[in-house]
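Chain by chain, the residues run as shown.
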Amino acid sequence: MFSWFQLFLDPNTQWILLGCMLLGLSSGVIGCFAYLRKQSLMGDALSHAALPGICITFMLTGSKSILLFLAGAAIAGIIATFGIGYVTRHTRIKQDSALAIVLSVFFGFGIVLLTQIQHSGSGNQSGLDKFLFGQAASMVRSDVIIISIICLLLLGISTLLFKEFKLVSFDPGFARGMGYPVAFLEQLIMFLIVIAVVVGIQAVGVVLMAALLITPAVSARYWTDKLGVMIVISGLFGALSGFIGTLISASGNNLPTGPLTVLAATALFVLSLLAAPRRGVISKLLVRASVRSHVLQEENKLQMEQRGEAG
């Protein structure tokens, strides 16, 4: 107990804990809209597309500033978003294929740039490859402050435009008929997904960011039919995942925070899959068992009545 208490007293652990919890909270909220719009793979494509933006930013500036990296990754993500939209609209290629193309091309380009940086004479590139798998422990106070501000901004925008986002996600045709700027709102949702992906790359990494974006939303869907409640539950699941992942990582040596956070989110998904009140596996088994028992009772009752009439 004393060791756990000491972890909470460590300033570095406090900042990382705050950053990971806010990251999980904002990812869970934004991920709901991506999940409902059937764009679950968009987070994966955008996270992989952000890698060349990070590498190009480093090559141009020679600095490892988190703010510059976020700007470069955001620009690359926006370019990838427009690329996916262009391919989908102007060719016969469907969105899933366009996502795969953009993911592969951008990630391959990023790996080439990363290799070039590592073999250059810069000598300042050490640690840049941590963006592939994340390294939350490397975050300092200034990084966490920037990430926290961006996460709170994402939450604020999602709260203010909740009604509009809800309408666009479920019935864009009706929203267009009501006079809402559907195209702008759709692009805004996509931009928020880009920012959520980019801001989480340092903690979770390019490879695992999509899991943190979608898993809490899928888990929350098992517990409710209402979007507002789903967003709250998803945000709580995301924050709890960040809390558990950071705590386990800080309690041992060589335990990566990002993968542990994703594993915590997966554990919450398994719990939801099994124990959710209406959609959970256990609940469905109990309902089936109850129905089967009721049917057997009715059959036995009917047989007894038939025997009584025959006698």
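See the structure above.
These remarks concern the structure in this document. (Residues numbered from 1 in each chain as written. Predicted model: local features only at pLDDT ≥ 70, side-chain atom pairs only at ≥ 80, totals over all residues. Heavy atoms only, no water.)

**So, the overall build of the protein**
The secondary structure content of the protein amounts to 14 helices and zero strands. Secondary structure elements in the protein, listed N-terminal to C-terminal, are α-α-α-α-α-α-α-α-α-α-α-α-α-α. With the C-alpha coordinates of the protein rotated into their principal frame, the extents come out at 100 × 60 × 35 Å. For the protein, the residues scored as buried account for 43% of the 311 residues in total. Expressed as a percentage of contacts within the protein between residues at least 6 apart in sequence, the contacts between residues at least 24 apart total 72%. Counting every atom, the protein has about 16100 Å² of accessible surface; 67% of that belongs to carbon and sulfur. Across the protein, the centroid of the 20 positively charged side chains sits 4 Å from that of the 13 negatively charged ones. (Helix = DSSP H or I, 4+ residues; strand = E, 2+ residues; numbered from the N terminus. Buried < 20%, exposed > 50% of the residue type's maximum accessible area, 1.4 Å probe, protein only. Contact = heavy atoms within 4.5 Å. Areas by Shrake-Rupley, 256 points an atom, 1.4 Å probe, with all protein chains shown as cover. Lys, Arg positive; Asp, Glu negative; His and termini not counted. Charge placed at Lys NZ, Arg CZ, Asp CG, Glu CD.)

**A word on the packing of helix 2 (residues 11-36) against helix 10 (residues 182-204)**
It is at 10 Å that the axes of helix 2 and helix 10 come closest, and there the two elements cross at 145°. With respect to the hand of their crossing, helix 2 and helix 10 are arranged in left-handed fashion. Contacts between helix 2 and helix 10 involve Leu23, Ile30, Phe33 and Ala34 from the former and Ile189, Leu192, Ile193, Ala196, Val199, Gly200, Ala203 and Val204 from the latter. Across the contact of helix 2 with helix 10, the residue classes break down as 11 nonpolar, one polar and no charged. (Axes fitted to C-alpha atoms, helices over the stretch in contact; angles between N-to-C directions. Left-handed = near helix turned anticlockwise from the far one by under 90°. Nonpolar A, V, L, I, M, F, W, Y, C, P; charged D, E, K, R; others polar.)

**What to know about the pattern of salt bridges**
All chains considered together, the criterion is met by three salt bridges. Asp225 is the salt-bridge partner of Arg221, the closest N and O atoms lying 3.3 Å from each other. By relative accessible area, Asp225 is classed as partly exposed at 46%. A salt bridge links Arg278 to Asp225; the shortest N-O distance between them is 3.1 Å. Within this pair, whereas Arg278 is found in the loop between helix 13 (257-275) and helix 14 (281-310), its partner Asp225 is found in the loop between helix 11 (209-221) and helix 12 (227-251), the two being separated by 53 residues in sequence. Judged by relative accessible area, which is 63%, Arg278 ranks as exposed. Connected through salt bridges with shared partners, the residues Arg221, Asp225, Arg278 and Arg279 form a single ionic network. (Salt bridge = Lys/Arg side-chain N within 4 Å of Asp/Glu carboxyl O.)

**Description of the environment of Leu302**
Position of Leu302 relative to the elements: it lies in helix 14. Leu302 gets classed as partly exposed once you look at its relative accessible area, which sits at 46%. The sequence separation of Leu302 and Thr257 amounts to 45 residues, and the corresponding C-alpha distance is 61 Å.

**So, a nonpolar patch on the surface**
Among the surface-exposed residues, Val270, Leu274, Val281, Ile282, Leu285 and Leu286 lie close enough to one another that they form a single nonpolar patch of about 510 Å² accessible area. At the level of secondary structure, the elements contributing two or more residues to the nonpolar patch comprise helix 13 and helix 14. Residue contributions to the nonpolar patch peak at four residues, all from helix 14. Of note, Leu274 is situated in helix 13. (Patch = residues over 30% accessible without salt bridge, like charges linked within 9 Å, V, L, I, M, F, W, Y side chains within 5 Å.)

**With respect to helix 10**
Taking 1.5 Å per residue as the helical rise, helix 10 with its 23 residues ought to reach 33 Å, and the 32 Å between its terminal C-alpha atoms agrees with that figure. A positive phi of about 100° marks Gly205, the residue just after helix 10. (Expected span 1.5 Å × (residues − 1).)

**Description of the packing of aromatic side chains**
Across all of its chains, the model carries two aromatic pairs by this definition. Taking 5.4 Å as the distance between ring centres and 75° as the angle between the ring planes, the aromatic pair formed by Phe33 and Phe165 counts as edge-to-face. Pair noted here: Phe33 is in helix 2 and Phe165 is in helix 8 (residues 162-170), with a separation of 132 residues, a long-range link. Among the residues examined, Phe33 registers a relative accessible area of 2% and is labelled buried. Residue Phe165 is classed as buried on the basis of its relative accessible area, which comes to 1%. (Phe/Tyr/Trp six-rings, centres within 6.5 Å; stacked < 30°, edge-to-face > 60°.)

**A word on the side chain of Thr81**
By secondary structure assignment, the location of Thr81 is in helix 4 (residues 66-90). A relative accessible area of 11% means that Thr81 is categorised as buried. Residues contacting Thr81, with those up to four places away along its chain left out, are Leu46, Gln187, Met190 and Val194.

**A short note on the environment of Met139**
Relative to the elements of secondary structure, Met139 occurs in the loop between helix 6 (130-133) and helix 7 (141-160). For the pair Met139 and Ile16, spaced 123 residues apart in sequence, the C-alpha separation works out to 6.9 Å. Leaving out residues up to four positions away in the same chain, Met139 has contacts with Asn12, Ile16, Cys20, Val144, Ile147, Gln202 and Ala203.

**Overview of the state of the cysteines**
By the definition in use, this model includes zero disulfides. Lacking any disulfide linkage, Cys20 is separated from the closest cysteine sulfur, that of Cys151, by 9.9 Å. (Disulfide = S-S within 2.5 Å.)

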